[in-house]
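Single-letter residue listing:
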Amino acid sequence: MGEKELQMPVKKLFLWVRRQSKIVKIFLGVVTSLVLVVILKFFIKKHNHFFVLAEFVHFVGLLCLIYKLSTLKTCSGISLKTQVVTEIFLGVRLFCGYIMSAPIHFFLDLVTLVATIWVIRMMKKSKLKSSYMADLDSMPLWHLIAPCAVVAILIHPHTRHAILTDVLWAFSSYLEAISVLPQLRLMQNVQIIEPFTAHYVFALGIQRFLTSAHWIVQVYDTSGAYLYLAGRGYLWIPMVFISEIVQTFILADFCYYYIKSVISGQLLVRLPTPV
């Protein structure tokens, strides 16, 4: 069976999904996500591997941006603010990681931070700065940082470490969950996304899904008890779980159009108005 013959049923499926109502699309998305979680649970035995895979996917997404910046010599469509927020939450998490993280997580966060700093540096270079869409990258950073800081002070894990470390860890977790919002805002303004930026955002969507899958599997394996583990703060894990799920659904819409474009053989991802 040729490639075209394989693509035809998939295209028909996407056309059928496209004709459905928004409620039906959401239902189908939830069912598909749960099926994928079950499949991942079957293949991934250790819960920690979900996080390792998610962090690796984020790094691969950044490599797509690095390739674009170094070869195409343009940063159009890339949100500098998302990169700055990523730099902040990774820096904070690495600071806390000396105490709270396993070595593999610390290493992956370190290489991801280095890649993020490289992207920021390239975007600020004079040769590429002119292609940065500053007017469309319009989300104020304090709209992201301030709420996360307030929520982190109110809701954070309770560990044997200093309370400052607990609050900073919570802050980095909340900030990571919403770090993609400036990138999504920019894409909503542009509406036509070139391939490498699309690959990067799709990687972020996969990362968020894997992280959410980790929480779902943990809750399932403990029959819900994991949400209220003593010593972690009774609202901490539910709050992180909810933030990850919400962010996954925010990115799900883009991932749908990304997959649709790939199946259709289009290089550009076209978003509707509004997204």
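It should be emphasised that the depicted structure is a prediction, and the values quoted were computed from it without experimental measurement. (Residues numbered from 1 in each chain as written. Predicted model: local features only at pLDDT ≥ 70, side-chain atom pairs only at ≥ 80, totals over all residues. Heavy atoms only, no water.)

(A) Region of the structure containing empty space enclosed by the protein. If you walk through the whole model with that rule in mind, you get 1 cavity of 30 Å³ or more. Here the largest cavity defines a volume of roughly 70 Å³. Considering the residues around the largest cavity, the lining is formed by His58, Thr82, Thr86, Phe89, Glu176, Ser179, Val180, Tyr200, Leu204, Gln207, Arg208 and Leu251. Those elements giving two or more residues to the lining of the largest cavity turn out to be helix 4 (80-100) and helix 10 (195-221). Take the lining of the largest cavity: its biggest share by element is 4 residues, from helix 10. When the residues that make up the lining of the largest cavity are grouped by side-chain class, the tally is 5 nonpolar, 5 polar and 2 charged. (1 Å grid on protein atoms, 1.4 Å probe; cavity = no way out; pocket = protein on both sides within 12 Å on 5 of 7 lines; lining within 4 Å. Points joined across faces, edges and corners; volume = space filled by probe spheres on them. Helix = DSSP H or I, 4+ residues; strand = E, 2+ residues; numbered from the N terminus. Nonpolar A, V, L, I, M, F, W, Y, C, P; charged D, E, K, R; others polar.)

(B) Summary view of the environment of Ile216. Position of Ile216 relative to the elements: it lies in helix 10. Placed 175 residues apart in sequence, Ile216 and Lys41 show a C-alpha to C-alpha distance of 9.8 Å.

(C) Structural view of the pattern of salt bridges. Under the defined criterion, the tally for this structure stands at 4 salt bridges. With a shortest N-O distance of 2.6 Å, Arg93 and Glu176 are connected by a salt bridge. On the criterion of sequence distance, the pair formed by Arg93 in helix 4 and Glu176 in helix 8 (residues 163-178) is long-range, its members being 83 residues apart. The pair Arg93 / Glu176 is uniform in exposure class, with both members buried. (Salt bridge = Lys/Arg side-chain N within 4 Å of Asp/Glu carboxyl O. Buried < 20%, exposed > 50% of the residue type's maximum accessible area, 1.4 Å probe, protein only.)

(D) Region of the structure containing unusual backbone geometry. If you check the backbone angles, Lys73 has positive phi at about 60° while not being a glycine. Exposure remark for Lys73: the relative accessible area of 52% places this residue in the exposed category.

(E) A positive patch on the surface, seen in detail. The grouping of Lys73, Arg121, Lys125 and Lys127 at the surface amounts to a positive patch. Mapped onto the fold, Arg121 is located in helix 5 (residues 103-124). When its relative accessible area of 53% is taken as the criterion, Arg121 is described as exposed. (Patch = residues over 30% accessible without salt bridge, like charges linked within 9 Å, V, L, I, M, F, W, Y side chains within 5 Å. Areas by Shrake-Rupley, 256 points an atom, 1.4 Å probe, with all protein chains shown as cover. Lys, Arg positive; Asp, Glu negative; His and termini not counted. Charge placed at Lys NZ, Arg CZ, Asp CG, Glu CD.)

(F) The UniProt feature "transmembrane region" (unreviewed entry) in the protein, seen in detail. According to UniProt, the "transmembrane region" (unreviewed entry) feature falls on residues 23-43, 50-70, 90-120, 141-157, 196-216 and 236-259. Segment residues 50-70 splits into 100% helix and 0% strand. End C-alpha atoms: 30 Å apart. Overall, residues 196-216 shows 100% helix and 0% strand. The separation of its end C-alpha atoms is 30 Å. (UniProt positions renumbered as here; feature names shortened; annotations may be inferred.)

(G) Up close: the packing of helix 3 (residues 48-72) against helix 5. Viewed as axis vectors pointing N to C, helix 3 and helix 5 meet at an angle of 20°, and their least axial separation amounts to 10 Å. Between helix 3 and helix 5, the angle is such that the two are roughly parallel. Like other packed secondary-structure pairs, helix 3 and helix 5 cross with a definite hand, here left-handed. Across the interface between the two elements, Asn48, Phe51, Val52, Glu55, His58, Phe59, Leu62, Leu65, Ile66, Leu69 and Ser70 of helix 3 pack against Ile104, His105, Leu108, Asp109, Val111, Thr112, Ala115, Thr116, Trp118, Val119, Met122 and Met123 of helix 5. (Axes fitted to C-alpha atoms, helices over the stretch in contact; angles between N-to-C directions. Parallel < 35°, antiparallel > 145°, perpendicular 65-115°, else oblique. Left-handed = near helix turned anticlockwise from the far one by under 90°. Contact = heavy atoms within 4.5 Å.)

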